[in-house]
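# Residue-level structure breakdown
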Amino acid sequence: MPISKSNLISKSTTFRQSIYENMQKSASLSRRKSAFLCHSHKDETLVKGLLVLFQEADVDLYIDWNDHNMPDIPNAETARKIQEKIRGCDLFLFLATANSKASRWCPWEIGYADSSKKGIYIIPTSDGSDTYGNEYLELYAKIDEGSDNTKKGLAVFEVGKSNGRWLSSSTL
C-alpha cells in the first residue's frame, strides 16, 4: 500500500535537523546502508517525514538540500556532485509524488542510477485521491506501508510480489 502523504506529514513534525546531522556523522563511521533519496525539493515536508521513518529502520538517507557542498543554483557542478553521491551510496530511492514526477532532475537521477546498476527502490505515495509511483517505475522494487497481525510499518516489496520484508538496514 503506498505511503500516505498524511502519514509523512505527521511524521515530519518529529523531525529534528540536529538528530539527522548526528546520524550522518555516525553513519560515516559505521557501515550501515546508505541511500540517495531522489525527490522534489517541493516535497520537503514529506522528505522530513520519510527521514524519521528511515531513521527508525536504521537506514541513512542522503538528502541533497542538507549537503552544504552543493551549489546554491543548480548547474553542471550540481549534476557532477549528484552523480558522485549516487555512486557513493549503497542504494537509490525515488520518492514518487506529483512533484517528483514533474521534476526535470528526478528522471535524470533515476536514469543515472539505473545505468550505474544501483539497487533502486520506488517509494510510492498517495494523497487520498491519486497514487504516484506507477508506469515505468513499476520496473523497480518498492517500499510501501505494510502490516500484519503484530506489526505495522515500512516494508520492501520485490517487483510483482505482494509479500514483503520489514524495512531495515539488512533487508535492503
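Once a new chain begins, its residue numbering starts again from 1 and follows that chain's sequence as written. Only residues with pLDDT of at least 70 get local features here, since the model is predicted, and only at 80 or more are side-chain atom pairs given and counted; chain-wide, interface and lining totals rely on the full set of residues. Excluded from the side-chain calculation are hydrogens and water; included are all heavy atoms of the structure.

What follows covers the packing of helix α1 (residues 5–12) against helix α3 (residues 44–56). Axis definition: a line fit to C-alpha positions, over the contact stretch in the case of helices; interaxial angles, taken between N-to-C directions, run 0 to 180 degrees. Going along the chain from the N terminus, every DSSP run of H or I of four or more residues is numbered as a helix, and every run of E of two or more is numbered as a strand. Interaxial distance between α1 and α3 falls to 7 Å at its minimum, and their mutual angle equals 75 degrees. With respect to their mutual orientation, α1 and α3 come out roughly perpendicular. Mapping the contact onto sequence places K5, L8, I9, K11 and S12 in α1 and T45, L46, K48, G49, L50, V52, L53 and E56 in α3. For this classification, Asp, Glu, Lys and Arg are treated as charged, while Ala, Val, Leu, Ile, Met, Phe, Trp, Tyr, Cys and Pro are nonpolar and the rest, including Gly, are polar. Classifying every residue of the contact of α1 with α3 by side-chain character gives six nonpolar, three polar and four charged. Here the angle decides the label: under 35 degrees means roughly parallel, over 145 means roughly antiparallel, 65 to 115 means roughly perpendicular, and every other value means oblique. Contact between two residues is taken to exist if any of their heavy atoms lie within 4.5 Å; hydrogens are not considered.

Turning next to α1. The α-helix advances 3.6 residues per turn, and as a result positions three or four apart in sequence lie on the same side. Working definition: with a 1.4 Å probe on protein chains only, accessible area under 20% of the residue-type maximum means buried, over 50% means exposed, and in between means partly exposed. Taken as a whole, α1 has its buried residues at K5, L8 and S12. Buried positions in α1, seen along its axis, are confined to an arc of 60 degrees and lie on one side of it. Where α1 is buried, its residues touch β1 (3–4), α3, β4 (91–96), β5 (119–126) and β6 (131–132). Directions from the helix axis toward the C-beta atoms define the arc.

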